[in-house]
2 protein chains.
Amino acid sequence: MASIDVCFSPELLHLYDLKGKAVVAVDILRATSTMVTAFAHGVANIFPVMDLEECRGYAAQGCLTAAERNGIKAEGFDLGNSPFGYMGGSVQGRDIAITTTNGTRAIRLSEAAEEIIVGAFLNLQAVADYLAALQLDVLVVCAGWKGQFNLEDTLFAGALVERLQGKFSTENDSTLAALYLYQTAKADLVAFLRQSSHVRRLEHLEIHKDIEFCLRHDAFNVLPVWRQDRLVDLALELES
Amino acid sequence: MASIDVCFSPELLHLYDLKGKAVVAVDILRATSTMVTAFAHGVANIFPVMDLEECRGYAAQGCLTAAERNGIKAEGFDLGNSPFGYMGGSVQGRDIAITTTNGTRAIRLSEAAEEIIVGAFLNLQAVADYLAALQLDVLVVCAGWKGQFNLEDTLFAGALVERLQGKFSTENDSTLAALYLYQTAKADLVAFLRQSSHVRRLEHLEIHKDIEFCLRHDAFNVLPVWRQDRLVDLALELES
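Everything numeric in this text was worked out from a predicted model, so none of it was measured.

What counts and what doesn't
Residues numbered from 1 in each chain as written. Chains lettered and ligands numbered in written order. Predicted model: local features only at pLDDT ≥ 70, side-chain atom pairs only at ≥ 80, totals over all residues. Heavy atoms only, no water. Helix = DSSP H or I, 4+ residues; strand = E, 2+ residues; numbered from the N terminus. Rg over C-alpha atoms; globule rule 2.2 N^0.38 Å. Buried < 20%, exposed > 50% of the residue type's maximum accessible area, 1.4 Å probe, protein only. Contact = heavy atoms within 4.5 Å. Areas by Shrake-Rupley, 256 points an atom, 1.4 Å probe, with all protein chains shown as cover. Buried area = accessible area lost by both parts, 1.4 Å probe. Salt bridge = Lys/Arg side-chain N within 4 Å of Asp/Glu carboxyl O. Polar contact = N/O pair within 3.5 Å; in protein donor to acceptor, adjacent residues only side chain to side chain. Nonpolar A, V, L, I, M, F, W, Y, C, P; charged D, E, K, R; others polar. Core = buried A, V, L, I, M, F, W, Y, C linked by side-chain atoms within 4.5 Å. Least-squares fit on C-alpha atoms with pLDDT ≥ 70 in both. Phe/Tyr/Trp six-rings, centres within 6.5 Å; stacked < 30°, edge-to-face > 60°. Lys NZ or Arg CZ within 6 Å of the ring centre and 35° of its normal.

**Student:** Now, about the overall build of chain A: what can you tell me, with residues and values included?
**Tutor:** Helix and strand counts for chain A stand at 10 helices and 10 strands. Here chain A has a C-alpha radius of gyration of 16 Å; the compact-globule value for 240 residues is 18 Å, and the two agree. In terms of its C-alpha atoms, chain A occupies a principal-axis envelope of roughly 45 × 40 × 35 Å. When burial is assessed residue by residue, chain A has 61% of its 240 residues classed as buried. Considering only contacts in chain A between residues 6 or more positions apart, those separated by 24 or more positions represent 76%. For chain A, the exposed area adds up to about 8900 Å²; of that, 47% sits on carbon and sulfur atoms.

This is the structure in structure tokens:
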């Protein structure tokens, strides 16, 4: 039976051998939630890049550019990191280059993996179904906050573990921890997270509406996967 | 109000500023549990060292030497890493040099802190009382297993947080996670940990008796603290 493991921070990624594994990259507040939302609203390709300058350069190729640093939209870019900025048809058919404090890093540092999937509560079941079909060993890579453990990414990992119980071995310590935390929190994720000083700092940036949205389960049948230099929505290919 | 935070691995320690903080170093299975037991049985000084050769060198100064690698006593040393090896009067009044896979590393990497305290379930209340009196910001440094998160060190952190609630701010994400995991597990810590493949690997080394012992709460009024190049039992000084 394949196993599922959880890496709580990109700073711990060097301890794992990614070869032959499926990585699920997660940054619930808000990079991966926003990417999933963008694909659900018709984005064609997403280029996750590490720094602001590289991101800006993609404009010359006709991309929309999106950048966030420390929770705030960076100046001179088309889009920020709120999922609501990607709704209403403005991104339909477009390519987007995006850089964020934590989330794009989790994706780019995982390139040695066999498969990289972008996960969020918003596409939880699509990710779970795909992993169950792949049957590769899974590593959930939590983006964390500036290298540190965070609750919201861990709770997503626990939700995914819960959906994969019985299909994957779930005996790693971090896997068990994520599962138990999710089971403690799931009756009211918003209230649970409001205890966190890290989440309360984000709320001061007036993203409370974003937080509630990013905790919705299974809103979109979207499956962003890494292909060479970009993310594409595999759900479109699987349907056709 | 001072705060309590939890670092889940020595690999994350570079993200924290230790200056002015009290570090609680913990390696429940078994380095810090064994150190606490050793002091409870009359050891005078403990020298935690990083490698086997340095440890061996302490024999010339009249120290007993103790070494463990990958859960097993290293060849040519007086003692291993089982707390039961330190009972029965054999270590009374002696100095010990010790090196272990994970635990000694957590201590030595924390030397920038204002105070380093060795914590275990066995001396939980002694540690909690001392921290409450100090009122420095606290960082619990979990030794983990070869850099990875482990449950038993996290559960100790949660137990300590529970005892310090109301006296310290406990809003960091890792602090909340440790607290909730401890509250889920505490009715039967042994059964909870037996789900862990990491703990089951240790049990194959026939240390089941050690594991049950290391999970006992408040067995000893012992307070190992770092002083220059060694650990001493501050509880003896506080009593006198």
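Back to the write-up after that little detour.
**Student:** An account of the environment of A:L124 is needed here, citing residue identities and associated values.
**Tutor:** Residue and element names in this part refer to chain A. Mapped onto the fold, L124 is located in helix α4 (residues 124-134). Each C-alpha atom, one on L124 and one on L181, is 17 Å from the other, the two residues being 57 residues apart in sequence. Other than its neighbours up to four places away in sequence, L124 contacts F156, A159, L160, R163, H217 and D218.

**Student:** Give a detailed account of the interface of chain B and chain A, specifying residues and quantitative values.
**Tutor:** On the chain A side, the residues contacting the 29 residues of chain B number 29 residues. For the pair chain B and chain A, the summed buried area comes to about 2400 Å², and 59% of that belongs to carbon and sulfur atoms. One can count two salt bridges joining chain B with chain A. The shortest N-O distance in the salt bridge between B:E171 and A:R200 comes to 2.9 Å. Counting every contact that joins chain B to chain A gives 12 residue pairs in polar contact (both at pLDDT 80 or more). Among the elements of the structure, α5 (151-164), α6 (173-185) and α8 (197-204) of chain B are those that each provide at least two residues to the side of chain B that touches chain A. In terms of residue class, the side of chain B that touches chain A is made up of 11 nonpolar, 12 polar and six charged.

**Student:** I'd like a rundown of unusual backbone geometry, residues and numbers included.
**Tutor:** Of note, the amide linkage connecting A:L29 to A:R30 takes the cis form, showing an omega dihedral of 5 degrees. Along the chain, A:R30 turns up in the loop between β2 (22-26) and α1 (31-40). Although it is not a glycine, B:K146 adopts a positive phi angle of roughly 50 degrees. Mapped onto the elements of the fold, B:K146 is located in the loop between β8 (138-142) and α5. Relative accessible area serves as the criterion here: at 46%, B:K146 is assigned to the partly exposed category.

**Student:** Lay out the nonpolar core in plain terms, naming residues and giving numbers.
**Tutor:** Formed by 178 residues in total, the largest nonpolar core has its most connected members in A:L131, A:V140, A:L160, B:L131, B:V140 and B:L160. In contact with A:V140, not counting residues within four places along its chain, are A:I4, A:D5, A:V6, A:C7, A:V24, A:V26, A:F156, A:A157 and A:L160.

**Student:** Explain the relation of the copies chain B and chain A to me, using residue names and the numbers behind them.
**Tutor:** Rotating chain B by 180 degrees and translating it 0.0 Å along the rotation axis places it on chain A, where the RMSD comes to 0.0 Å. The transformation just described matches what one would write down for a two-fold rotation axis. When the interface residues of chain B are mapped onto chain A, 100% of them again lie at the interface, so the same face is used by both copies.

**Student:** Can you lay out the packing of aromatic side chains for me, pointing to particular residues and giving the numbers?
**Tutor:** Scanning the entire structure with this criterion turns up 15 aromatic pairs over all chains. Taking 6.4 Å as the distance between ring centres and 55 degrees as the angle between the ring planes, the aromatic pair formed by A:F213 and A:F220 counts as tilted. Among the aromatic residues, ring-to-ring pairing joins A:F8, A:F149, B:F8 and B:F149 into one connected group. Seen from the ring of A:F84, A:K209 lies directly overhead, with NZ or CZ sitting 4.2 Å from the centre.

**Student:** For the pattern of salt bridges, give the residues involved together with the corresponding values.
**Tutor:** Residues and elements named next belong to chain A. Counted according to the given criterion, the structure contains 20 salt bridges over all chains. In this structure, the salt-bridge partner of E115 is R227, at a minimum N-O distance of 2.6 Å. One end of the pair, E115, is in strand β7 (residues 115-119); the other, R227, is in strand β9 (residues 224-227), and 112 residues separate them in sequence. Judged by relative accessible area, which is 8%, E115 ranks as buried.

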